Every structure is written in C-alpha cells, then in structure tokens.
Amino acid sequence: MMKSLLRYITLFFVTLAGGLTSAAQGDALFTQYWAVPTYYNPAAAGDTDNIRLRGDARLQWLGIDNAPRTFFASADMPFKFLEKRFGVGVVLQQESEGLFRNITAEAQIGYKFRALKGEFTAAAQVGFFNEQFRGSEVYIPDDDDYHQSADDAIPTRDLAGYALDLGAGIYYVHPRFNAGLSLLHANSPTVTFTDENNSTTAGTSAGESGSETAKKYQFTARRTLYFTAEGNIPIRNTLFEVLPSVLVRSDFTFTDVAVTGRVRYNKIFSAGIGYRHGDAVSLLLAAEIKGIFIGYSYDYSLSDIARASSGSHELVAGYNLKLDFSEKNRNKHKSIRIM
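Residues numbered from 1 in each chain as written. Predicted model: local features only at pLDDT ≥ 70, side-chain atom pairs only at ≥ 80, totals over all residues. Heavy atoms only, no water.

**Re the packing of aromatic side chains**
- Evaluated as defined, the whole model comprises 17 aromatic pairs.
- Ring plane angle 85° and centroid distance 6.2 Å describe the contact between Trp34 and Phe293, whose orientation is recorded as edge-to-face. On the criterion of sequence distance, the pair formed by Trp34 in the loop between helix H1 (2-16) and helix H2 (37-40) and Phe293 in strand E16 (residues 292-301) is long-range, its members being 259 residues apart.
- The class for Phe293 is buried, based on a relative accessible area of 7%.
- Every member of this aromatic cluster is reached through a ring pair, and the members are Phe79, Phe86, Tyr111, Phe113, Phe120, Tyr172 and Phe177.
- One Lys or Arg, Arg54, reaches over the ring of Phe293 and ends 4.7 Å from the middle of that ring.
- The ring of Trp34 is capped by Arg262, whose NZ or CZ atom sits 3.5 Å from the centre of that ring. (Phe/Tyr/Trp six-rings, centres within 6.5 Å; stacked < 30°, edge-to-face > 60°. Helix = DSSP H or I, 4+ residues; strand = E, 2+ residues; numbered from the N terminus. Buried < 20%, exposed > 50% of the residue type's maximum accessible area, 1.4 Å probe, protein only. Lys NZ or Arg CZ within 6 Å of the ring centre and 35° of its normal.)

So, in structure tokens, the structure goes:
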C-alpha cells in the first residue's frame, strides 16, 4: 500500500511538471532555509510536536536601489483526528524586486503515516498569488536607445491582480535526518493586468474611428520543484553535533543549489557556513533557548554584484510551543532542528 501511494505521488509530480511557462520572478531563496521548512514544502507542516511560529526578513544586495526584499511568516502544528495524525500550517510572504511586488498567502494540510522507521507526510497547499507592478514609477530617459517613453508595452500606472495558487509535497522525518520533495505553483498561476488608461485603437477599415481596446499584461509564476534534506550527526562523547543540509530548486529551466554545514553545541547554540552555487557564501549564527529561536546570516556575493553591494542580511525569529502527545502518541518524534 505504501509503495502504491509513493508511486502515485511520483506520477503526480511528473504530470504537474509537464508544461512550462515563462515568468519574471521566483520564490525567495532563504539562506536559513532549514529554519523555515514550510516555505518550501507544505508537507513539513506539523513535523514536530510543537506549535511552531517563524518570521524571516531578508534584505538582499544592500547598496543597490530596488534590490529584493522578502518578508515571511508562518505557523504550523500537528493534530490528531480519528486516531490519525495530520499537520496544518499557514504561510504568508511579501517580496519586492524592482517595480514588482508579490504577496502569497497559503494554507497547508497533510496526512501523516509511519513507515521505514520514521514518519511520512503527504500534503497539499492552496492559496492565492498577488502580483503588483508600480507603473507610475517607470522612468525612461529621452535618450534611451532601447525603449521609448510612449511604448504601450510598459504600463504607466500601478496595476495589481490575483490568481489561485496550488502546491503539493511529501516529507519524511527520521530521528537522524529528514528529506522532502515539493512542487510549488503547480498550476502555474497567471495574473492578468488590465490597463484601461493604456489602450490601443482597433479600426475596421480606412476612415473608421475604430474602438478602444484596453491593454492587457500577464505575469506567470513558474512551477518550481524543491528538494530539501537535513541530517544530524552527533560527535561522540561531546555536546557537539554536525547538521548538514541541502536545498535544490528547479523551475525546469534554471536550477539553484544551496548547501550548508552547521555545528551545534548543547542543542542551543549553532554556527556554520553556507554556499549557493555561483551566487554567494554565507556565515550563519543561531540560538534556541526555551523555545525561542533566533538566527542571523550574512551573504557575500561571488558575482560582480559585490562591486556595488555590501552583502545580504537575513534575520529569522520564532517560538516553539510544546504540545503534549505523551499519552496519545507513543511513537512521537522530534525534528532534528529541535533535538
């Protein structure tokens, strides 16, 4: 039965990944991706016996005007219904980049089952995707050789639109590692902007005035596949442990890979380094005391952007409120992030 379920899940992902569309922006690639797992995989919701709250603020490429800014908040928890385990969560994100800004709000629910000495979760995600464009701030110099100030392909006023956003994922938690696969923006949500003030004239024949047709613009969020994994390697006879992790993101045109290595002391303080292929190296510091989590990371760009930017900063804060499943769930587990 488990093999059949996994086979259907695999076919589901392959089918959804079939058709691709163009897009201008992608999801944020957080340096501390391991601290915000539900952002990348809805099946990570409820992977601990806690009510988990997380907030993340990422300021990218300081020193560059209109550089990306991302703010993220989430909450998730497990629960039992009819003696079955489930996970639920909510995710909110706002990202600005140049004259674009997008907002996503998602609800997540997953079904949990035990197998292979761990716990699997299969989950779905549904929400909305909002895209905004600040056309009123467009500025094209008169001597621009590539664009004209009267180009009707560029909106000249602020536009916004909404679209349904769907996702799915599967996640496995073992006492010594976890791994997950997810597909976000599975339906390739397309936002259509209609600019009534920026219209074209369509005539039927010479001498006829024709009619005004509102100009339409579209933005499509790409289907994006994510793979994440994290391990927990204790160092014998010490209070130290090594926490390696990896994130792979692909929209089937471009692929990003991030790897991180952290060392944690006494399950409280941790420090590490990270690397995103062809992008940046990172320094990470974090601490978790009595359920309060705080993490900071600094990125140094490996591209020519380093000439104009002092780097990128990211701050994560959160709180874990313990839920007691001691009598209701004898097979309870703890995520390696809080062990």
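Resuming the write-up.
**Description of the environment of Thr253**
- Position of Thr253 among the secondary structure elements: in the loop between strand E12 (240-250) and strand E13 (255-265).
- Distance from Thr253 to Thr224, taken between C-alpha atoms, is 9.8 Å for residues 29 residues apart in sequence.

**Focus: the nonpolar core**
- Counting 19 residues, the largest nonpolar core has Phe30, Trp34, Val36, Tyr39 and Tyr40 as its most contacted members.
- Of all the secondary-structure elements, those providing two or more residues to this core are H2 and strand E15 (280-289).
- Within the second largest apolar cluster, eight residues are counted, among which are Phe129, Leu159, Phe193 and Tyr217. (Core = buried A, V, L, I, M, F, W, Y, C linked by side-chain atoms within 4.5 Å.)

**Looking at the pattern of salt bridges**
- Evaluation of the coordinates by the stated rule reveals 15 salt bridges.
- Here Asp251 ties to Arg222 by a salt bridge, and the two come within 3.3 Å at their closest N and O atoms. On the criterion of sequence distance, the pair formed by Asp251 in the loop between E12 and E13 and Arg222 in the loop between strand E9 (211-220) and strand E10 (224-231) is long-range, its members being 29 residues apart.
- Under the relative-accessibility criterion, Asp251 is labelled buried at 13%.
- For Arg222, a relative accessible area of 17% translates into the label buried.
- Several salt bridges share partner residues, and in doing so they unite Arg58, Arg276, Asp279, Asp299 and Glu314 into one network. (Salt bridge = Lys/Arg side-chain N within 4 Å of Asp/Glu carboxyl O.)

**As for a nonpolar patch on the surface**
- A cluster of nonpolar residues, Ile235, Leu239, Phe240, Val263, Tyr265, Phe269 and Ile289, forms a patch on the protein surface that exposes about 620 Å² of accessible area.
- Among the residues examined, Tyr265 registers a relative accessible area of 36% and is labelled partly exposed. (Patch = residues over 30% accessible without salt bridge, like charges linked within 9 Å, V, L, I, M, F, W, Y side chains within 5 Å. Areas by Shrake-Rupley, 256 points an atom, 1.4 Å probe, with all protein chains shown as cover.)

**Things to note about unusual backbone geometry**
- Positive phi, close to 65°, is recorded for Lys117, a residue that is not glycine.
- Looking at where Lys117 falls in the secondary structure, it is placed in the loop between strand E4 (100-115) and strand E5 (118-134).
- Judged by relative accessible area, which is 74%, Lys117 ranks as exposed.
- If you check the backbone angles, His185 has positive phi at about 55° while not being a glycine.
- With respect to the secondary-structure elements, His185 resides in the loop between strand E7 (177-184) and strand E8 (190-202).

**Let's talk about the pairing of E15**
- Relative to E15, strand E14 (residues 269-276) runs antiparallel, the two being bridged by eight bridges. Paired with Gly272 across the two strands is Leu284, which belongs to E15.
- The turn linking E14 back onto E15 is made up of three residues, and Gly278 within it adopts a positive phi angle of 70°.
- As judged from the 10 bridges shared by E15 and E16, these two strands associate in the antiparallel manner. Of the residues in E16, the one forming a bridge with Ala280 is Ser301.
- Counting the residues between successive antiparallel strands, the hairpin from E15 to E16 contains two residues, one of them, Lys290, with a positive phi of roughly 50°. (Pairing = 2+ DSSP bridges.)

**Let's talk about the pairing of E4**
- By the bridge criterion, 13 bridges tie strand E3 (residues 84-97) to E4 in an arrangement that is antiparallel. Within E4, the position partnered with Glu97 by the bridge is Phe100.
- Between E3 and E4, which pair antiparallel and follow one another directly, the connecting turn spans two residues, one of which, Gly98, has a positive phi of 65°.
- Where E4 and E5 come together, 16 bridges link them in antiparallel fashion. Among the inter-strand pairings, Arg114 is bridged to a residue of E5, identified as Glu119.
- Here E4 hands over to E5 after two residues, with Leu116 in that stretch at a positive phi of 55°.

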